[in-house]
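Read off the chains here:
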Amino acid sequence: MERNPPDGAGPVDVPLGHIVADEKWRGSQLAQGMQGKITVVFEDGLAPVDFYLSVRSCILYIKEADLVAGNSYRKRLVRIRNSKNLQGIVVVEKTQTSEQYFPAIQKFTVLELGMVLLPVASQVEASCLIIQLVLEQTKEPSKNPFLKKKQAVISEASLLRTVQQIPGVGKVKAPLLLQKFPSIQQLSNASVQELEAVVGQAVAQQIHAFFTRSR
């Protein structure tokens, strides 16, 4: 299996139906949840990446403890964002303990870095999500020139899930917002009046406050 150069992240050759995981995840609840459903290959020294979905796509996993401990996770995210070789998906444990820290990482990841962020309640839920992402890629031949289109579909689903996490939005209002404002950038730049036309005054003010309040 082709290894990534020591001076940066990616590329790692990942066969379809497989995921390459950093050795630190061996024996974890997350890894155990994936085994038997997809092939998990463990390798040392994948940092800052936790999992490789494909040669161009990786996952950075932010645990509850990472959020509570401070902003040290940001360096990992920035490193992947600056990589020319990789598209990073950020999976974050959003629990009762870490929920108060979630808006900060959401704004940093989505607004400042332009990366996909997916919240999960536990490693069990994360394993189901990762299995979905891996199986999605097996539906396309490995050298299919339209593979990017499939990745775009994943990104759209990820965007929807991200918007659902904005205070006051939820599963019903998120699709309505994305019909009017198809990107996070457009949504964040929308005025209260523009938002009101879609979701009403109360929710519009919550959304506007989310994007404008100081960190």
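Fair warning: this is a prediction, and the values are worked out from it, not measured in the lab. Each chain has its residues counted from 1, following the order in which its sequence is written. The predicted nature of this model means local features are confined to residues of pLDDT at least 70 and side-chain atom pairs, given and counted, to a pLDDT of 80 or more, with totals for whole chains, interfaces and linings taken over all residues. Side-chain numbers here rest on the full set of heavy atoms in the structure, without hydrogens or water.

**Points about the nonpolar core**
Point 1. Joining through side-chain atoms within 4.5 Å is the link that ties buried Ala, Val, Leu, Ile, Met, Phe, Trp, Tyr and Cys residues into a set, and such a set is a nonpolar core. Buried means the residue's accessible area, taken with a 1.4 Å probe over protein chains only, is under 20% of the maximum for its type, while exposed means over 50%, and partly exposed covers the values in between. One finds Tyr52, Val163, Leu177 and Ile207 to be the most contacted residues of the largest nonpolar core, which totals 41 residues.
Point 2. Helix and strand labels come from DSSP, where a helix needs a run of H or I of at least four residues and a strand needs a run of E of at least two; each type is numbered from the N terminus. Every element with two or more residues in this core is listed here: strand S4 (57-62), helix H3 (73-81), strand S5 (87-93), helix H4 (102-112), helix H7 (170-180), helix H8 (184-189), helix H9 (192-199) and helix H10 (201-212).
Point 3. Looking at which element gives the most residues to this core, the answer is H10, with five residues.
Point 4. Core analysis: the next-biggest nonpolar cluster, separate from the first, contains 24 residues, Trp25, Ala31, Leu129 and Ile131 among them.

**Some words on the sheet that holds strand S1 (residues 18-22)**
Point 1. Criterion used throughout: strands pair if DSSP finds at least two bridges between them. In space, the six strands of this open sheet follow the order S2-S1-S3-S4-S5-S6, with mixed pairing throughout. What marks the edges here is a single partner per strand, and that holds for strand S2 (39-43) and strand S6 (116-120).
Point 2. For S1 and strand S3 (residues 51-52), the ladder comprises two bridges, and the chain directions are antiparallel. By the bridge assignment, Ala21 is partnered in S3 with Phe51.
Point 3. Pairs of residues are marked as contacts when any of their non-hydrogen atoms sit within 4.5 Å. Each axis is a line fitted through C-alpha atoms, taken for helices only over the stretch in contact, and angles between the N-to-C directions span 0 to 180 degrees. In the packing of H3 onto the sheet, the strands contacted are S4 and S5, and the crossing angle to S4 comes to about 170°.
Point 4. Here H4 sits on the sheet and contacts S4, S5 and S6; the angle it forms with S6, its principal contact strand, is near 155°.

**Description of the packing of aromatic side chains**
Point 1. Two aromatic rings from Phe, Tyr or Trp, using only the six-membered ring of Trp, form a pair when their centres are within 6.5 Å; if the ring planes differ by under 30 degrees the pair is stacked, by over 60 it is edge-to-face, and anything between is tilted. Applying the stated criterion to the full structure yields two aromatic pairs.
Point 2. Summarising the aromatic geometry, the rings of Trp25 and Phe51 are spaced 5.3 Å apart at their centres and angled 40° between planes, so their arrangement reads as tilted. With a gap of 26 residues between them, Trp25 in the loop between S1 and helix H1 (29-34) and Phe51 in strand S3 connect regions that are remote in the sequence.
Point 3. Given a relative accessible area of 3%, Trp25 falls into the buried group.
Point 4. Phe51 gets classed as buried once you look at its relative accessible area, which sits at 1%.
Point 5. The interplanar angle of 75° and the centroid separation of 5.1 Å between the aromatic rings of Trp25 and Tyr61 together place this pair among those described as edge-to-face.

**Topic: the confidence of the model for the chain**
Point 1. The predictor rates its confidence in each residue with pLDDT, a number between 0 and 100. Looking at the chain, pLDDT values average 82 and 84% of them are 70 or higher.
Point 2. No element of the chain has a lower mean pLDDT than helix H6 (residues 147-164), which averages 61, and none a higher one than H1, which averages 95.
Point 3. Per-residue pLDDT stays below 50 along residues 1-8; that stretch engages in 25 contacts with residues further than four places along the chain or on separate chains.
Point 4. Confidence drops under pLDDT 50 across residues 141-154; counting only partners more than four residues distant or on other chains, this segment forms nine contacts.

**A look at H7**
Point 1. Those residues of H7 that sit buried are Ala174, Leu177 and Leu178. Around the axis of H7, the buried residues are gathered within 95° of arc, so they sit on the same side. The exposed set on the far side of H7, more than 90 degrees from its buried face, consists of Val172, Gln179 and Lys180. By construction, the arc corresponds to the directions joining the helix axis to the C-beta atoms.

**Looking at the pattern of salt bridges**
Point 1. Salt bridge, as used here: a side-chain nitrogen of Lys or Arg that lies within 4 Å of a carboxyl oxygen of Asp or Glu. According to the stated counting rule, one finds three salt bridges in the structure shown.
Point 2. Between Glu23 and Arg26 there is a salt bridge whose closest N-O contact spans 2.5 Å.
Point 3. Residues Asp50 and Lys24 are paired through a salt bridge, measuring 3.1 Å at the closest nitrogen-oxygen approach. Taken together, the positions of Asp50 in the loop between S2 and S3 and Lys24 in the loop between S1 and H1 put the pair 26 residues apart, joining distant regions of the chain.

**Looking at the side chain of Gln123**
Point 1. Here Gln123 shows up in helix H5 (residues 123-138).
Point 2. The class of Gln123 is buried, set by a relative accessible area of 15%.
Point 3. Sequence-distant contacts of Gln123, that is, excluding residues within four places in its chain, are made with Trp25, Ser28, Gln29, Leu30, Tyr61, Lys63 and Glu93.

**Observations regarding the environment of Gly70**
Point 1. With respect to the helices and strands, Gly70 occurs in the loop between helix H2 (64-69) and H3.
Point 2. C-alpha separation for the pair Gly70 and Tyr101, spaced 31 residues apart in sequence, amounts to 8.9 Å.

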